[in-house]
Amino acid sequence: MSKPLILGFGGTTRAGSSSEKLVRAVLSNCEKEGARTRLFDGAFLARLPLFAPENPERTAEQREFVEAVRRCDGLVIGTPAYHAGVSGLVKNALDLLEDLRGDARVYFDDLPVGLVVSAAGWQGTGITLSALRDMVHAMRGWPTPIGVSVNSLAGPLFDADGAVADPQLDASIAAQAKQIVRFAAAFQQPNENRGAA
Ligand SMILES: Cc1cc2nc3c(=O)[nH]c(=O)nc-3n(C[C@H](O)[C@H](O)[C@H](O)COP(=O)(O)O)c2cc1C
């Protein structure tokens with residue numbers, strides 16, 4: 001059995017984006033659990049054109065992103081709370097994944113999906129995590145029971161070295177990563193999208 005590939009996407013275009021750092025932290029923990037990882041960060045997502053259902057043309061980066069999700073064994077999606085919901089950047093990336101609708105493995109079928117939310121207040125964390133969960137459900141994914149959500153106003157999230165400052169948050173990140181990798185390994189049956197190679 002090969003190492004599962006866990007793909008992360010999300011964050012914002014803001015320097016030091018907390019949601020992006022948290023996705024990185026989950027991916028780094030996934031590596032400790034034995035997975036390979038890849039991140040599509042806020043800067044990458046910002047280069048994806050606005051999804052238009054009538055337009056079948058794709059940029060090289062749109063194709064790269066869709067192909068990477070097609071071949072992954074698990075996902076981490078990170079978003080800030082923007083007006084009590086998922087950011088437009090992340091929603092646009094999710095909408096592009098409409099390209100997976102006709103696949104042998106439709107959308108996120110059989111994929112564990114770790115969810116990460118950063119908000120400037122507790123209300124925003126819960127609402128946005130719940131909204132993101134609904135989107136992943138609608139795309140046939142399996143959100144892990146442990147979601148990571150932070151109130152970015154509640155105190156420094158990271159120390160001077162960029163490590164997660166709060167031990168409880170650190171434990172949630174580690175627990176989510178464990179759930180993603182264990183589920184991915186359990187579901188790592190022959191992936192019809194990946195082909196024989
Ligand atoms: C356009 C916009 C809308 C926002 N709406 C909310 C909101 O509804 N609730 C909330 O708690 N925080 C809201 N925030 C704050 C961000 O969610 C918060 O600062 C978050 O930590 C930013 O994530 P980042 O560090 O990855 O950029 C908003 C910020 C922006 C720029």
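Note: the structure precedes this text.
These remarks concern the structure in this document. (Residues numbered from 1 in each chain as written. Predicted model: local features only at pLDDT ≥ 70, side-chain atom pairs only at ≥ 80, totals over all residues. Heavy atoms only, no water.)

**Quick look at the side chain of Thr125**
Part 1: Looking at the secondary structure, you find Thr125 in helix α5 (residues 122-138).
Part 2: The buried category is assigned to Thr125, whose relative accessible area is 5%.
Part 3: Residues within four places of Thr125 in sequence aside, it is in contact with Val117, Ala119, Ser149, Val150 and Asn151. (Helix = DSSP H or I, 4+ residues; strand = E, 2+ residues; numbered from the N terminus. Buried < 20%, exposed > 50% of the residue type's maximum accessible area, 1.4 Å probe, protein only. Contact = heavy atoms within 4.5 Å.)

**Points about the site of the ligand**
Part 1: Not every one of the 16 residues close to the ligand is listed here, only the nearest: Arg14, Ser18, Ser19, Ala81 and Ser118.
Part 2: Contacts to the ligand include Thr12, whose side-chain N or O atom sits 2.8 Å from an oxygen atom.
Part 3: When the ligand is considered free in solution it has 640 Å² of accessible area, and contact with the protein chains removes 71% of it.
Part 4: Mapped onto the shell around the ligand, the elements with two or more residues apiece are α1 (18-32) and β4 (112-119). (Near = heavy atom within 4 Å. Polar contact = N/O pair within 3.5 Å; in protein donor to acceptor, adjacent residues only side chain to side chain. Areas by Shrake-Rupley, 256 points an atom, 1.4 Å probe, with all protein chains shown as cover.)

**Points about the packing of aromatic side chains**
Part 1: Applying the stated criterion across every chain, the model contains 7 aromatic pairs.
Part 2: Both rings, one in Phe9 and one in Phe65, keep their centres 5.1 Å apart while their planes meet at 85°; by these two values the pair is edge-to-face. Of this pair, Phe9 sits in strand β1 (residues 5-10) while Phe65 sits in helix α3 (residues 60-71), and the two are 56 residues apart along the sequence. Both residues of the pair, Phe9 and Phe65, belong to the buried class.
Part 3: An aromatic cluster is built from Phe9, Phe40, Phe44 and Phe65, whose rings are joined through pairwise contacts. (Phe/Tyr/Trp six-rings, centres within 6.5 Å; stacked < 30°, edge-to-face > 60°.)

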